[in-house]
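# Architecture at a glance
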Amino acid sequence: MTTIALIGPGAIGGTVAAWLAQNPALELTVCTRTRFENLQVDTPTGVITANPKVLTNPADAEGVDWVLVATKTYDSGAAKPWLERLMREHTRVAIIQNGVEHVRLFANLVPRERLVPVIIDLPAARSAPGRMVQHRHGIISVPQGQNGQDLVDLFAHTEIEAATHEDFLSRAWIKLCGNSAAIIPALTLRATGPTWNADLEEIVRGIVEECAAVGRAEGAIIPDQVVERTIENARTMPEGASAGSIHVDRLAGNPMEVDARNGVIVRLGREHGIPTPLNRVLVTLLTASGTPWFIRSHG
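Under the annotation held in an unreviewed UniProt entry, the protein chain carries the name 2-dehydropantoate 2-reductase and is attributed to Devosia nitrariae. We quote the UniProt Pathway (unreviewed entry) comment for the protein chain here in full: "Cofactor biosynthesis; (R)-pantothenate biosynthesis; (R)-pantoate from 3-methyl-2-oxobutanoate: step 2/2." Among the UniProt annotations of the protein chain, the heading Catalytic activity (unreviewed entry) holds the following wording: "(R)-pantoate + NADP(+) = 2-dehydropantoate + NADPH + H(+)".

Structure, rendered in structure tokens:
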């Protein structure tokens, strides 16, 4: 029996936990702030349910084989008291988060050789604690190696497609390039398609090209078509469409992963001497904008 603890059962974490719990060979514990009775996910192939052990107090946790951290990047510190109780000599920790700094955020808490960074593409939303809607089948990417392969094996009995990749760094930066343009609808609270014009295209292109330049300086291979594909996705985004979690979080009045998605482009660009003026300005504006007034007024 393989024991797993998942920290942070939000939209992504809760959906991942529910799928893993479908395998009777895995013993799952969910670590959360808010207690719930069970997990229920409305997936593209039907509703799945699970009844994992649910803990709200780190003092009640015991050592496990795997820890999956699915907190928001800005809330990574909340995993520390859980990790202190869940870690054993052989425990490995998978970081399921946005951005490209998975290892940096946890290297002070877990030995690097036991950290597994995870890129996940799993569109999902949470309607209440333990209640999720999964919009498409999920894809997980991890680095090549024994740790990565062992994590992939955990998902063998799920409908989440997991695979190892030799060039994980490039995959992480390619995803960040695709996500980087979402800062615009998060700031304007409008889909980019209906407001598209030459000036907006120039801004979107600049944001993504800055991201690609920094990623390449970090060692990633980012084809030019990644930039063009991101621009096309922004150009054709229909009215009312969500641009991803940063957009959804602002509409909900929640904290946003601005630093993990665009702030990192600015920070690492500065280290490499690469100008990132568009990302810097938009990060500053979005950080200063906070919760929209109509959400503050009406809840």
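What follows continues from the structure just given.
### Here's the deal with the pairing of strand S2 (residues 26-31)
Among the six residues in S2, five count as buried, and that is most of the element. Two strands pair when backbone bridges link them, and strand S1 (residues 2-7) and S2 are joined in this way by six bridges, in the parallel orientation. Counted as the bridge partner of Ile 4 is Leu 28 from S2. Remark: the S1/helix H1 (residues 11-20)/S2 crossover connection has right-handed handedness. Examined bridge by bridge, S2 and strand S5 (residues 53-55) share three bridges and lie parallel to one another. Bridge pairing in S5 places Val 30 opposite Val 54.

### A look at the UniProt feature "domain: Ketopantoate reductase N-terminal" (unreviewed entry) in the protein chain
Sites flagged by UniProt as "domain: Ketopantoate reductase N-terminal" (unreviewed entry) map to residues 4-144. Helix makes up 16% of residues 4-144 and strand 38%, and the two end C-alpha atoms of the span are 21 Å apart.

### Comments concerning the sheet that holds strand S8 (residues 115-121)
On the basis of which strands lie adjacent, the open sheet formed by eight strands has the order S5-S2-S1-S6-S7-S8-S11-S12 and mixed pairing. Each of the sheet's edge strands pairs with one partner strand only, and the pair in question is S5 and strand S12 (161-165). The mean inter-strand angle of the sheet, taken between neighbouring strand axes irrespective of direction, is 25°. Strands S1, S2, strand S6 (66-69), strand S7 (92-96) and S8 of the sheet are contacted by H1, whose axis makes an angle of about 165° with S1.

### Quick word on the side chain of Asn 279
With respect to the secondary-structure elements, Asn 279 resides in helix H11 (residues 277-289). Not counting chain neighbours up to four residues away, the residues in contact with Asn 279 comprise Ile 207, Glu 210, Cys 211, Asn 262, Ile 265 and Val 266.

### Considering the nonpolar core
Judged by nonpolar contacts, the single largest core of 34 residues is most densely connected at Val 16, Leu 68, Leu 151 and Phe 155. Counting residues per element, this core draws most heavily on H1, which supplies five residues. Apart from the residues within four sequence positions on either side, Val 16 is in contact with Leu 6, Leu 68, Ile 120, Leu 122, Phe 155 and Ile 160. Ranked by size, the runner-up nonpolar core spans 31 residues in total, among them Ala 234, Ile 265, Val 283 and Leu 286.

### Some details on the pattern of salt bridges
Opposite charge on two side chains allows them to pair when their charged atoms are near. Per the stated rule, a full pass over the model turns up 14 salt bridges. A salt bridge links Asp 249 to Lys 72; the nearest nitrogen and oxygen atoms lie 3.0 Å apart. You can see Asp 249 sitting in helix H9 (residues 245-252) and its partner Lys 72 sitting in the loop between S6 and helix H2 (80-86), a full 177 residues away along the chain.

### Let's talk about helix H8 (residues 224-235)
Taking 1.5 Å as the rise per residue, H8 with twelve residues should run 16 Å; its terminal C-alpha atoms sit 17 Å apart, in good agreement. Within the sequence span of H8, burial applies to Val 226, Val 227, Thr 230, Ile 231 and Ala 234. Down the axis of H8, the sector holding all buried residues measures 135°, keeping them to one side.

### Looking at unusual backbone geometry
Positive phi values are uncommon outside glycine, yet Leu 189 reaches one of about 60°. Its location among the elements puts Leu 189 in the loop between helix H6 (183-188) and helix H7 (198-217). Residue Leu 189 is classed as partly exposed on the basis of its relative accessible area of 23%.

### Quick look at empty space enclosed by the protein
Picture a little ball the size of a water molecule; that probe, rolled over the atoms, points out where space is still empty. Tallied over the entire structure, the rule returns one cavity of 30 Å³ or more. Along the walls of the largest cavity sit 13 residues, with Gln 97, Asn 98, Gly 99, Ala 172 and Lys 175 positioned nearest its centre. At the level of secondary structure, the elements contributing two or more residues to the lining of the largest cavity comprise S8 and helix H5 (168-180). Ranked by residue count, the leading element in the lining of the largest cavity is H5, at four residues.

### Regarding the sheet that holds strand S3 (residues 39-43)
Judged by pairing direction, the sheet is mixed, and its four strands sit side by side in the order S4-S3-S10-S9 without closing on themselves. Looking at the sheet topology across the chains shown, the edges are occupied by strand S4 (46-50) and strand S9 (124-128). Strand-to-strand twist across the sheet, computed as the mean angle between neighbouring axes with direction ignored, equals 20°. As paired strands, S3 and strand S10 (residues 131-134) are joined by three bridges and run parallel to one another. Paired with Asp 42 across the bridge in S10 is Val 133. Running over the sheet, H1 touches S3, S4, S9 and S10 and is turned about 95° from S3.

Conventions adopted
Residues numbered from 1 in each chain as written. Predicted model: local features only at pLDDT ≥ 70, side-chain atom pairs only at ≥ 80, totals over all residues. Heavy atoms only, no water. UniProt positions renumbered as here; feature names shortened; annotations may be inferred. Buried < 20%, exposed > 50% of the residue type's maximum accessible area, 1.4 Å probe, protein only. Helix = DSSP H or I, 4+ residues; strand = E, 2+ residues; numbered from the N terminus. Pairing = 2+ DSSP bridges. Right-handed = clockwise from strand over helix to strand, strands pointing away. Axes fitted to C-alpha atoms, helices over the stretch in contact; angles between N-to-C directions. Contact = heavy atoms within 4.5 Å. Core = buried A, V, L, I, M, F, W, Y, C linked by side-chain atoms within 4.5 Å. Salt bridge = Lys/Arg side-chain N within 4 Å of Asp/Glu carboxyl O. Expected span 1.5 Å × (residues − 1). Arc of directions from axis to C-beta. 1 Å grid on protein atoms, 1.4 Å probe; cavity = no way out; pocket = protein on both sides within 12 Å on 5 of 7 lines; lining within 4 Å. Points joined across faces, edges and corners; volume = space filled by probe spheres on them.

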